[in-house]
Every structure is written in C-alpha cells, then in structure tokens.
Amino acid sequence: MRISIKHPEMFAAVFEEVTKIKLNRPINGIATDSREIQENDLYIAIKGENVDGHKFIKQSEILGANAALVQMPVSDIDIQQIRVKNTNEELGKISTEWRNKFDIPVIGITGSNGKTSTKELLAHVLSENFHVHATKGNFNTYIGLPLTLLEIEQSHDISILEMGASVPGEIKKLCEIANPTHGLITNIAPAHLEGFGSIETIAHEKGALFRSLTNGLSFVNKTDNLISNLNFKGKQISFGLNPNCDFPADIFHEDDGTLTLILDTNVINTESRNLSFIKNCIAVSAISISLGVSWDILENRIQSFTSPKGRCFVKQIKDITIIDDTYNANLTSSLAALDYLKAFSGNGRCIFVFGDMYELGEESDRQHRNIGEKCLELGLDKVYTIGTHTKHTGYALDKNIKHEHFKTKENLILSLKSNMHAGDKILFKGSRGMAMEEVIKGVFES
C-alpha cells in the first residue's frame, strides 16, 4: 500500500509531535510495501505473521526512500531509521493526530456486506454538496485505514471511511484511530465465520462502531434485527423496511423490472433492478438527507451512479447480459445477487457461474448448499460451479436444473463458450481468492 503526502511540512510536524523525532528530509509519500516505494517516501516496516517488512529496508533505500519507520534498525543503511516499539501502532497514532487536525464529519461504515458499494454510493451522492474524502480500494484495514486518514486535506468537507474486520477487536481499534463522528452498519450476516466463530461475535464486533459514538450519531438499520438489538451510545437515526423508524421505506417493482423506492413519503425512481443496490440507497438516503442534501439532488445522484467493476456491474456483449459480481462472495451477498439475476426482464436463460465462498469455517458446506437451494427456488436455467466447496451447491440441485462442476477455469471457460445463447443473462460470483473475473475475461475477451 502507498499514499502520496501533499503537505510534507505539515506531515513532518505531526510526525515529530507523535514520535518526538524530527525527520531529516521531507516526505512525499508513505509505503508499507517496499515494491511500491517512490522517491522521497517514508517506508513503514511492518512485521507480519508471514512476512517481516524489515527485510526490505535496504530495498526501500535503493528505490529512493528518505526514511524508514522500524522496530529493529538494520546496519549498512544510510537513510534515517526511526525506531519505535510497534510500527503498526505508531502509524495509527500518527494518522489519529493528523485526523484530529480536521474538524469535519467522519462517517465510519462497516457491516458484513455492502460496505464498499454503500461507501461508493454515499460518496457519489454527497459529492454534489461537499468535497468528499473517502476510502480507496481495499484501504479499510488496520494498515489501510491509517493511510487513508493521512490523505485528508484542508479542502475536504467530509470523510467516509470503510472499516473491515476479519478477527475480533479490529473495528474497536479502527474507531480508536479514526474517531468517527457518524456510523453506519450496513448489515450483520455470517461472513468471515472462520475468524469470528459465531454470528453473535460478528454482531458484537460490528457494534463496536456504534459503541464508539458517545458524542456521535449512529444510523441504525431497523430491518436487521441483530443491528437493532446492539448497544448504542450517542444519538440515533433509524431507517428500514418498516414504519417504526425515522426513514421508513417501501420498495415497488415497476412493469419494466426497475425498482422504485418510497422513503418517508418521497418517491425515488432508482432506474435500477438491483435489490441490493436499493437497500444501499435506503441507508445512503437517510445519511444524505440528515446531512442536508435535498431530495431532488439525492434522486439525481442515485440515478447517475454506476457500480464499480466487480460489484453487480452489468454489461452487454453480443446480446448476452453479463452481471459481474466477482469482487467477493458470502451467503448474504450471493443470495442477493441471485435475486438480482432473476429480476432481469426478457426471455433469455438465467445462468449462474459460481466459485467457492471462503472463510466460512464449519458453516461452509451448509451455506454452499443454501445457494443451491436458492437456485432451485428461483428456477434458474443452468448452474456452473468451480472449486472445492461449491460441490455442495451442486448436491442441492436436482434434475430440473442443468448443472456442471469444474476443477479448472480453462474447462469452465470452454464449456461456457460453447453453450451460450443470445439473450442469456449470466451472473458471475465468487470469493476474491477465486478471481472469477478471469472466467469472464476468458469467455468474452479471448
């Protein structure tokens, strides 16, 4: 990971304030990966479980780094080495001090699904009224979030921070670093069970965001019972698909297959067929209206939003509709994607290409089987599976749904190429490690 530092003098002052050590030379960027080092960067040597960044301090010097933040200085290095007890924690302290220089709303977003897509939509909507700072890519971790904070500038009016977690305690740490003023938990579902063990542990972990907002504002999804039952601090604004909240919502299916959102008596024509997107719209609307965005601007920005590639990104190639939802997968997001596939209008076949869902622990077999049961319920025309765990998806299917399982992407690609028809609607889904976008590329670009 790497970021650019646009105000070296301000960064140097904050760095010295935290570490009590003065930087000898200006810093124009920060990198935690020595391969990404550029001239005049600060290299953060992080000691991980599998890789020790201290082994690459010399490489960072060769590539032009001006200094290195280290736990164990190494010999034969000419660049400045600043020794601290824990480089990861020190990076967090520096970014906290930087963040506290800016008196702006900081919105933390976490949840089992939809964090990135909700963050992207919220940034798109708010950018009409504000100069928005937001998490880029996967900078939502204990390393990535501090780097994200260090990109806040004086010109920013608001910050939107995505917060991810794979083990207990991470959200609490991220909140201590970021000091959010507002918080949203998109939903709580059985994702990353391998790291958490139970849905109750996941709920407690995500709830750390709301517990951090003693003087802040929590946006509460009343449709999610696990979220509604969390402990809260500070003020609350509620939203959801029931009447007993501040932003009550209803969703209507139009004749053309698009979905219309009615929120607090206001009609928003979303021009979307994606149910997961509409649920994101409810949360984003509650936040945006609360921050002063008008209903007209809200509707216009929702209509002009385009999903990032890999997140229910839709494109047409040779009369075939491709739904690229390859960024990641767990049970909840996969079920929602299947509903999205089935919601498309037209007489073409509905086809699902599914790769393994990772990090599900003992729940893996059952949850993959649940996906097969959903395919049966929806009456899909064909299901292609690849990997190890998706065999259990196939076990849940019967003779009413054509199904093929593959061990290699090459064979899957060949089968897809020879069996596609004009009008087909094909959903591609799988965990990040399955890289299902390679299947799309192999079928349509080779």
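These remarks concern the structure in this document. The shown structure was predicted, so the numbers you read here are calculated from the model rather than taken from an experiment. (Residues numbered from 1 in each chain as written. Predicted model: local features only at pLDDT ≥ 70, side-chain atom pairs only at ≥ 80, totals over all residues. Heavy atoms only, no water.)

Secondary structure assignment for the protein yields 16 helices and 20 strands. Relative to its length of 446 residues, the protein is compact, with a C-alpha radius of gyration of 23 Å against a globular reference of 22 Å. Considering only C-alpha atoms, the protein reaches an extent of 70 × 50 × 40 Å along its principal axes. When each of the 446 residues of the protein is scored for burial, the buried share is 55%. Across the protein, contacts joining residues at least 24 apart in sequence account for 61% of those joining residues at least 6 apart. Of the side-chain charges in the protein, 47 are positive and 56 negative, and the distance between the mean point of each set is 3 Å. (Helix = DSSP H or I, 4+ residues; strand = E, 2+ residues; numbered from the N terminus. Rg over C-alpha atoms; globule rule 2.2 N^0.38 Å. Buried < 20%, exposed > 50% of the residue type's maximum accessible area, 1.4 Å probe, protein only. Contact = heavy atoms within 4.5 Å. Lys, Arg positive; Asp, Glu negative; His and termini not counted. Charge placed at Lys NZ, Arg CZ, Asp CG, Glu CD.)

With that out of the way, let us pick up unusual backbone geometry. Backbone geometry at asparagine 40 places phi at a positive 70 degrees, although glycine is not the residue there. With respect to the helices and strands, asparagine 40 occurs in the loop between strand 2 (29–31) and strand 3 (41–44). A positive phi angle, near 60 degrees, is found at glutamate 271, a position not held by glycine. For glutamate 271, the location among the structural elements is in strand 14 (residues 266–272).

So, about the side chain of serine 272. Looking at the secondary structure, you find serine 272 in strand 14. Setting aside residues no more than four positions away along its own chain, serine 272 makes contact with Gly257, Thr258, Leu259, Phe277 and Ile278.

Further remarks concern the packing of helix 6 (residues 170–178) against helix 8 (residues 199–211). Packing of helix 6 against helix 8 leaves a shortest axis separation of 8 Å and a crossing angle of 15 degrees. With respect to helix 8, the element helix 6 is oriented roughly parallel. As for the relative orientation of helix 6 and helix 8, their crossing is right-handed in sense. Residues Glu170, Ile171, Lys172 and Cys175 of helix 6 lie in contact with helix 8, whose contacting residues are Glu205, Lys206, Ala208 and Leu209. When the residues that make up the contact of helix 6 with helix 8 are grouped by side-chain class, the tally is four nonpolar, no polar and four charged. (Axes fitted to C-alpha atoms, helices over the stretch in contact; angles between N-to-C directions. Parallel < 35°, antiparallel > 145°, perpendicular 65-115°, else oblique. Left-handed = near helix turned anticlockwise from the far one by under 90°. Nonpolar A, V, L, I, M, F, W, Y, C, P; charged D, E, K, R; others polar.)

On to the packing of helix 4 (residues 115–126) against helix 10 (residues 275–290). Packing of helix 4 against helix 10 brings their axes to within 9 Å, and their N-to-C directions diverge by 45 degrees. In terms of orientation, helix 4 and helix 10 fall into the oblique class. Between helix 4 and helix 10 lies a crossing whose hand is right-handed. Where helix 4 abuts helix 10, its residues Ser117, Thr118, Leu121, Leu122, Val125 and Leu126 lie against Phe277, Asn280, Cys281, Val284, Ile287 and Ser288.

A word on the pattern of salt bridges. One side chain can pair with another of opposite charge once the charged atoms of both are near each other. Counting across every chain of the model gives 21 salt bridges. Across the salt bridge formed by arginine 301 and glutamate 128, the nearest N and O atoms sit 3.5 Å from each other. Of the two residues, arginine 301 is situated in helix 11 (residues 295–304) and glutamate 128 in the loop between helix 4 and strand 7 (132–134); the sequence distance between them amounts to 173 residues. A salt bridge links glutamate 363 to arginine 366; the shortest N-O distance between them is 2.3 Å. Overlapping salt bridges, with partners in common, bring together Glu17, Glu97 and Lys101 in one network. (Salt bridge = Lys/Arg side-chain N within 4 Å of Asp/Glu carboxyl O.)

On the basis of which strands lie adjacent, the open sheet formed by five strands has the order 1-2-3-4-5 and mixed pairing. Looking along the sheet, the strands with just one partner apiece sit at the ends: strand 1 (2–4) and strand 5 (80–83). Going from strand to strand, the sheet's axes swing by 20 degrees on average, the running direction of each strand aside. Pairing analysis gives three bridges linking strand 1 to strand 2, with the strands arranged antiparallel. The partner of arginine 2 across the bridge, within strand 2, is alanine 31. (Pairing = 2+ DSSP bridges.)

Here the focus is the environment of glutamate 128. A relative accessible area of 45% means that glutamate 128 is categorised as partly exposed. As for glutamate 128 and phenylalanine 11, which are separated by 117 residues in sequence, their C-alpha atoms are 29 Å apart. Not counting residues within four places of it along the chain, the set of residues in contact with glutamate 128 comprises Ile297 and Arg301. At 3.5 Å, the side chain of glutamate 128 forms a polar contact with the side chain of arginine 301. (Polar contact = N/O pair within 3.5 Å; in protein donor to acceptor, adjacent residues only side chain to side chain.)

So, about the sheet that holds strand 20 (residues 425–429). As summarised here, the arrangement of the six strands in space is 15-16-20-17-18-19, forming an open sheet in which the pairing is mixed. Strand pairing shows two members of the sheet lacking a second neighbour, strand 15 (313–317) and strand 19 (402–406), which therefore form its edges. Going across the sheet, the axis of each strand differs from the next one's by a mean of 15 degrees, ignoring polarity. By the bridge criterion, five bridges tie strand 17 (residues 350–355) to strand 20 in an arrangement that is parallel. Following the sheet pairing, isoleucine 351 is matched in strand 20 by isoleucine 426.

Glancing now at the environment of aspartate 365. Looking at the element boundaries, aspartate 365 is found in helix 13 (residues 364–378). Taking relative accessible area as the criterion, aspartate 365 reaches 40% and is therefore assigned partly exposed. Along the chain, aspartate 365 and lysine 391 lie 26 residues apart, while their C-alpha atoms are 8.7 Å from each other. In terms of polar contacts, aspartate 365 uses its side chain to reach the side chain of histidine 392, at 3.2 Å.

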